[in-house]
Amino acid sequence: MTDRPHSQTLSLLAAYAACGALHELAHLAAAACLLPPGALGIDSVGDLARAALRAVLGRYSVVELPSEEDRDEAAAAILRAGWMFSLLLAAGCHWLHVVAREGGDAKCIGRKQSHIVDIFRHPTLPLAAYVTAIEAIATDLFGLVPVHPYYEDASRLVCLCGNFGVLLLNPSWLSIDGGRTALDVLEKMVNVTMMRGAQSGGVVTFEPERYSRNDKPASVPPPMRGVRSRVVNAKRTDLSKGVRRKVVKDNCERISGNLRGWDKSEYNINLGGGRLVRGFFGHTRFATSSKASFDGTHPHRWSPRRTYNMYSFVSSSASNPCTRPRCVGLECYVTHNGDFEFYKVNGKYYDVEVVQQWLEKVLGVPMPATVDSAAIAGVIDLLRTQGSFALSVRYALCLTLPCSKVEQDPAVSYPTIDEYEEIAKPFEKALNELLDGSGGDEPITLEDISSREDQRSELTSKIVEPLRKSLEVLPVKTTDVLGQSSHRHRGASSAMGRLAKFVSSDAEDADLANFVRAAVDAFFDNDLLCTVDLFLQDAKGSFGIMVASTADAHRQVCFAARGQTLSIGFYPRRGIICYGSEQAAVKAGLNYENPGGNLVHGATREMDNAVRLDLDDLGGEICLLDWGFAGDADPAISPPNRNLTVERLMNNCVNVVLLHQSQSSQKPLSKRLTLLENNEFIKPLLDDSADPVQEDIRDIPRICADIQEDWRGVGLNRMTAWNLANCIRARMKAHVDGTIKRHGGQVDILVTGCEVSLWVAEQFVSDLQKCFPELFIRAVSSNKVLGLFGQELPSPCTGFPVSQKTMDLQDPIVIIVSHSGGTFGPLACSNLLQSFTSQIFAVTSEWDTQIGKQLRSMYSDDLLSSRIFSTEVGVRPAEPCSVSVVATHQLLTNIFEHICVTIISDAHFSKASGSIVTERDLQVLERLNQENIKALEEIVGVDRKGNEIHEKRSKTEQELRSAGDLWADHILENAKAYIMTFVYIVVTVTIGYPLISGIAYAAGLREDSSPGDRLFYLLRFLDALIYFWLPQINITILRLFQGRNLRHRMVGRTVVIGDCPWVAQSAEAFLSKIFACSYSIAGLNVMSGNPADHLVHRQTHRVVRGSLLVCGRPDGRLPALTSLEASTCLSVNQASSIQSLGGTCESITIGHNKSKLPLSHRAIYLKSHRPLFLSEKILDNIDAQEDLVRQRKEKLKEAKEQQSRRFSLTRAVSNLIDNGGNRSGRLLELSLSRSRMAKTTRSSASLLGAYVNLERDARKKRSQRKEDERVSNVVDSLVKKRQGIENTRRFFNEIDIDSDGVVSLEEFVAAYQRIDSGISREHLEQLFEEADIDDNGSLSFDEFLKVARMPHLTAELAVKNRDSRGLVQVMPSMERYFGEELRRQSQPGVDSMAMSQSQHFAMELYESRISSMQRFVAMTVMFHQMGSRVQRFFPKISFGLLGYRMDRTHSIMRIATTASPVSGADVRERMEELRLVLKVEKADQLIKRAWRRYKSEKMSLHRLSEGSE
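Peer 1: How would you explain the overall build of the protein chain if you had to name every residue and give the values?
Peer 2: For the protein chain, the helix and strand inventory stands at 49 helices and 33 strands. Burial status across the protein chain gives 55% buried among its 1509 residues. Roughly 66200 Å² of accessible area belongs to the protein chain as shown, and the carbon and sulfur atoms make up 55% of that amount.

See the structure below:
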């Protein structure tokens, strides 16, 4: 009895397997009837066994479909046979089951078959038949599983926008672990390439059609076939894992999981097989020309696999044993990154849409996909003809004739491929005769004919005459009715007749001979390298492509780059080659070791280090990799390209052939290779992380500290800064000399970038322009620059004052900001702007980026010529950008300081630029910059070494995450209420008692009782109302339980971010990407605005109950920012005052002022970690004194209440008066404490009023102060009061010893050193040069008056800008409070508030460079907590079925590497045009100058001659 369930289970499984096998047998039977022999692929007992196992265990079968037009009909018939048979089988089993149960004994079947009755009496067999029938209907009829993963070939039926790839040269990648580590490398490359866009992805690999069954070495390459695996990514799935799963299903053995062929001789040279190399060639796509679909997914193939007669070609140094054609299955695959726009035939360009329709007619194959990349595959099918006369004839007919053109509907139909093979027969016959009838000692080979012009001409002549005769008439033998045979002539065959419509057979016409010669040349020349070259010569667009063909896959693959990047990494020790459009993806080989050990042993050699080759995407470059086959180690290249240099890499195992499309000179390959190993500038890829966004945020303090430490040293950034300073000096010298004419369209410094990089750059430009108002510094989007100067037809920038005429780009200093270093717009600008200037710099995430590569190609590769500023952030795959933005802002702060120091260090430069910034301002900024690290540590909760900080220091982070948790609860309330509603409905409906009715029933009320029947109607009505309002009721319960606001609207939430432009926009992008893949029930709308400008106007009309507003508050404790904070607070109050039903938006402010707005929900305080400014110190002392008075009042009041009147009231009042009287005296000596002494906080309005009062009092005191006639106080008095010109004149006359009306340098120095002997002569000379406007070496009275009006003169002269090593370095202020030194060195009687005004610009720089960064980081911490809570919620409530990753968006485009929105197809041509225009302009100016000089000299000579006469 115990074994019965077990036996029933086995019976069910056996029945299920038998029904599935019968179903597959029906497919095979139908295929055997409809298709020609061999379609089933069963040629041996082994094939039969494999087919049986597939049918029984895998429940699928493989059928080869024909290539003709009736393929779809055959496929439909085969599928129909399967599901109809399974349905009939189920019906029959059901009928037998009914008969067996009701018919008794064997009345219907007979006694001898009683055991059959027992089988059908149990429902096991009918149940298995029903399940099989349902599966068959679902798969075969409805197509729910249309393609089995084992094959995806379009010629097979299975019943049921970045490039990347690897080449596994070392067989250990396959033989040791079956290729698992190789697939790890591939997955990592997909993961990195996904940053360029990953809506879909695919991989193709090549393997022999059949593996050999012995270990004998193969001298002839086996026929290859391509196995393509493609995946369309869903919104919340990981494409890298999806691509790997698909590759495993398509290429791995079912049981072992190893790659097919892992133990075969073809891939294992230790077993004596030929040298086949397994390669995986892939692509991830971000749709630009069509929507993301399966058909549009790369790799692309236009023509399905077809067998051709093909001759095999080898290298020129190897003997070719193959003198007869072989039947080879041909299919070409292409992966393409970029845009294919036009194709040229006979000098005329045709649009890609026209080309696609033309290819359908020419190739005789329907368009496989509407994407432009599929058209490239079609053109490659036309061009790749080597070894096949049928394909060569097609190429010559379609592309080389004078009448060849691209038409959507050709007037004359093209021959079919069968007709091309018919036309090719005379070609093959002539070639075979030439090979056999050489008559010499040495036999003539294909190589002899290919490389010798006379042999090609002889072959052409052998073909022309027979072909001409075939075009005219053909003899035909006929038999009449009497049985007598006779010969007559009929017209040419259909194939020749079709050819005659394109080519004239007239002997006097050379069309036929030219056609034959074109076909012969294509037969010998159009190999893989030549094919790609021909395509790029006539194609227009941007291309980063990989081309592979089954005819060449045994030994070579071809890559090309033009307008799109492509890099190839060589790893000699590991025996692997990685390539990719994304440079970082190529570094995936550094993260994995060869499972079988390195190929190179012993001492480490430099040549064994991994290197990378970056193809020239600007000029256009093609790279052929050839690893040889069966002892043929030289590259197989056709004669047109044999003049190219062949380089050997990978320990001489791989031949590298480079073909440059541009005529510019190229460096040797050894000079172009970038060292990947043992290179301090190359950062390895980061390990995978479960939360990359969190890892990025935690890295912020470390990255910022490293940038500052690197800047203080002598590294890459300092060398780049030195070059930038040289360019700045040269530009400023041109301003001083007057060689640069000033006008409104002039651009001295151009800063460009895209999206977040541009927003950060705009703040940098704003600060720089404020420092130097006389310079012309602009921040312009890279797309605008590209649209204006990189297009044949410029794209107007509507709404922006930017045009070709308003921007004078004559040798400006260009800074390209791109934290990824690979975005298309900035990358294209790095090429385009080379036509305008050679002074191009880049701010990127690391030295090794695409933009860095372009700049290194412009200049020398040594550090002394460095043009790259690096944040050393490395590759960050998370799409919400945090650490990369902060690091870019941090590095720009250091660059800002360096530019300022460079300009103000020279008096002439400072004057020409109208400099406002002082060296003391920069010292204050540098101190703030260094102290900023501590503030970032407390905001993030991690120190600069990556360790979590103490709990006492992490209160800021905890408060930010608490705010994030609160807002996450707001967002999740609808999802939680939905679950609660679902549970309530299921429970109440299941038990049959809703809430109120159930309570009534439990209380004893029955429906059949006299009062209960009517009362139950009322109770059900109330239950119905509960059902109707159930979601709202549940949300209310949640809010009560969580203590949240009950008045918020119960709808989706909107977050509005308010701050300065770069913070608001960057934070908006960060938060919107965090929630990009969230489910709609927990979705979020994100908007932003500037609270000091347009936030109220743009967003307050959107305010509803429950809107979420987070606003960054400037540090209004500084007088320069007090009004700005007041404006921000006013915007928040105005938004929060819009109420409905007593509810409004929920606002949170983030800033350094502790005061909380009355209408805001929460105020998050960020600790300053900086010294106080002078004005803060003054106000803090006043507040501290008031606190002291207030405390004493409170103590006296307590004493009065607790004790008897021991002290009289007059005594207490006198104490207060004494305290108040001493107050003014104490204010004169400011506290030296770094922290604030006052315990109370002031609101923005209170701060504004306090500073206004202090300023008013200071002016009042200055107006009442008596004049001090001492010589040492004359200058200071005149500066403060702007009066006493006569006193200044008197002082001027006193120091003018020689009474010549001007003050010389010596007089100036002697006079000021009498005032203060501590002032150095060097500083006084610098001051004299600044005042000497006309540069005549003396100061007039007007010039001296400007010197006299300089406040705190001696304090300014005490600043230095070099460190102990002599490096130009902004030294941090070491004051205990900013202004301490200024106040100490000021003249007696100078008011402190007047001195504090000189710090206002430093306060503005603190807001734009430091404080705003802290607020942005705080927002990322808060938003990350929001997103993390929402992300973790869905897997918990769905047991892992639901979920998404907040570090990815639906588009999965971390880096926009495709032209968007401006095309880059014209950049290359426009560069040449602009260079020519600039040369012409320079020549024109040179001629004009020479002509003017000639006229001037002629006039001088004429005057001299007249004078002599």
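Peer 1: Account for helix 26 (residues 850-858), naming residues and giving values.
Peer 2: Of all nine residues that make up helix 26, seven are buried, and the element is covered over most of its length. Among all positions of helix 26, only Gln850, Ile851, Gly852, Lys853, Gln854, Leu855 and Arg856 are buried.

Peer 1: Could you give an account of the nonpolar core, naming the residues involved and the relevant values?
Peer 2: Of all hydrophobic cores here, the largest spans 116 residues; its most connected members are Phe764, Ile895 and Phe1423. No other element matches helix 48 (residues 1400-1437), which puts 18 residues into this core. Setting aside anything within four residues of it in sequence, one finds Phe764 in contact with Val751, Ile815, Leu892, Ile895, Phe896, Ile899 and Arg1409. Counting residues in each nonpolar core, the second largest holds 90 residues, with Leu382, Leu446, Leu467 and Leu624 among its members.

Peer 1: I'd like a description of unusual backbone geometry, backed by residues and values.
Peer 2: Residue Pro299 is reached from His298 by a cis peptide bond, and omega for that bond is -5°. Relative to the helices and strands, Pro299 is located in the loop between strand 6 (278-285) and strand 7 (306-310). Its identity is not glycine, yet Asn652 carries a phi of approximately 65°, on the positive side. Along the chain, the position of Asn652 falls in the loop between strand 19 (646-649) and strand 20 (654-660). Located in the positive-phi region is Phe1439, a residue other than glycine, with phi close to 55°.

Peer 1: Can you explain the pattern of salt bridges? Please cite residues and give values.
Peer 2: Pairs can form between side chains of opposite charge once their charged atoms are near each other. Under the criterion given, the structure shown has 66 salt bridges. Residue Arg1448 is joined to Asp238 by a salt bridge in which the shortest nitrogen-to-oxygen separation is 4.0 Å. Residue Arg1448 is found in the loop between helix 48 and helix 49 (1467-1508), and its partner Asp238 is found in the loop between strand 5 (224-232) and helix 8 (239-251); the two are separated by 1210 residues along the sequence. For Asp238, a relative accessible area of 14% corresponds to the buried category. Between Arg1039 and Glu973 there is a salt bridge, and its shortest N-O distance comes to 2.7 Å. Highlighted residues: Arg1039 in helix 33 (residues 1030-1042) and Glu973 in helix 30 (residues 955-991), separated in sequence by 66 residues. The burial state of Arg1039 is the same as that of Glu973; both residues are buried. Through salt bridges that share partners, Glu453, Arg456, Arg517, Asp521 and Asp525 make up one connected network.

Peer 1: Which residues make up helix 36 (residues 1119-1136), and what are the values?
Peer 2: Taking 1.5 Å per residue as the helical rise, helix 36 with its 18 residues ought to reach 26 Å, and the 26 Å between its terminal C-alpha atoms agrees with that figure. For helix 36, the full list of buried residues reads Pro1119, Leu1121, Thr1122, Glu1125, Thr1128, Cys1129, Ser1131, Val1132, Ala1135 and Ser1136.

Peer 1: Now, about the sheet that holds strand 24 (residues 813-817): what can you tell me, with residues and values included?
Peer 2: Strand order in this open sheet of five strands is 23-22-24-25-26, and the pairing throughout is parallel. Of all strands in the sheet, those bounded by a partner on one side alone are strand 23 (777-781) and strand 26 (868-870). Shown here is a sheet whose adjacent strand axes are inclined to one another by a mean of 20°, direction ignored. Sheet topology places strand 25 (residues 840-844) next to strand 26; three bridges connect them, and they run parallel. Residue pairing for strand 26: Ala842 is matched across the bridge by Ile868. Across the face of the sheet, helix 22 (residues 716-737) comes into contact with strand 22 (749-753), strand 24, strand 25 and strand 26 while running at roughly 135° to strand 26.

Peer 1: Help me get a handle on the packing of helix 29 (residues 919-940) against helix 30, residues and values and all.
Peer 2: Put simply, helix 29 and helix 30 touch, their axes get as near as 5 Å, and they point 45° apart. With respect to their mutual orientation, helix 29 and helix 30 come out oblique. Crossing geometry of helix 29 relative to helix 30 is assigned as right-handed. In this structure, helix 29 uses Glu938, Ile939 and Val940 to contact helix 30, whose residues at the interface are Thr956, Glu957 and Leu960. Residues that form the contact of helix 29 with helix 30 fall into these classes: three nonpolar, one polar and two charged.

Peer 1: Residues and numbers for the pairing of strand 13 (residues 539-549), please.
Peer 2: One face of the sheet, then the other: side chains in a regular strand alternate in exactly this way. By the criterion of burial, strand 13 is predominantly enclosed, with eleven of the eleven residues buried. Of the two faces of strand 13, the one carrying Ala539, Gly541, Phe543, Ile545, Val547 and Ser549 and the one carrying Lys540, Ser542, Gly544, Met546 and Ala548 are both buried. Strand direction decides the pairing type here: strand 13 and strand 14 (residues 556-562), joined by four bridges, are antiparallel. Considered in strand 14, the bridge of Ile545 is made with Ala560. Linking two consecutive strands that pair antiparallel, namely strand 13 and strand 14, is a turn of six residues.

Definitions and limits used
- Residues numbered from 1 in each chain as written.
- Predicted model: local features only at pLDDT ≥ 70, side-chain atom pairs only at ≥ 80, totals over all residues.
- Heavy atoms only, no water.
- Helix = DSSP H or I, 4+ residues; strand = E, 2+ residues; numbered from the N terminus.
- Buried < 20%, exposed > 50% of the residue type's maximum accessible area, 1.4 Å probe, protein only.
- Areas by Shrake-Rupley, 256 points an atom, 1.4 Å probe, with all protein chains shown as cover.
- Core = buried A, V, L, I, M, F, W, Y, C linked by side-chain atoms within 4.5 Å.
- Contact = heavy atoms within 4.5 Å.
- Salt bridge = Lys/Arg side-chain N within 4 Å of Asp/Glu carboxyl O.
- Expected span 1.5 Å × (residues − 1).
- Pairing = 2+ DSSP bridges.
- Axes fitted to C-alpha atoms, helices over the stretch in contact; angles between N-to-C directions.
- Parallel < 35°, antiparallel > 145°, perpendicular 65-115°, else oblique.
- Left-handed = near helix turned anticlockwise from the far one by under 90°.
- Nonpolar A, V, L, I, M, F, W, Y, C, P; charged D, E, K, R; others polar.

Shape descriptors only; they carry no functional weight alone.
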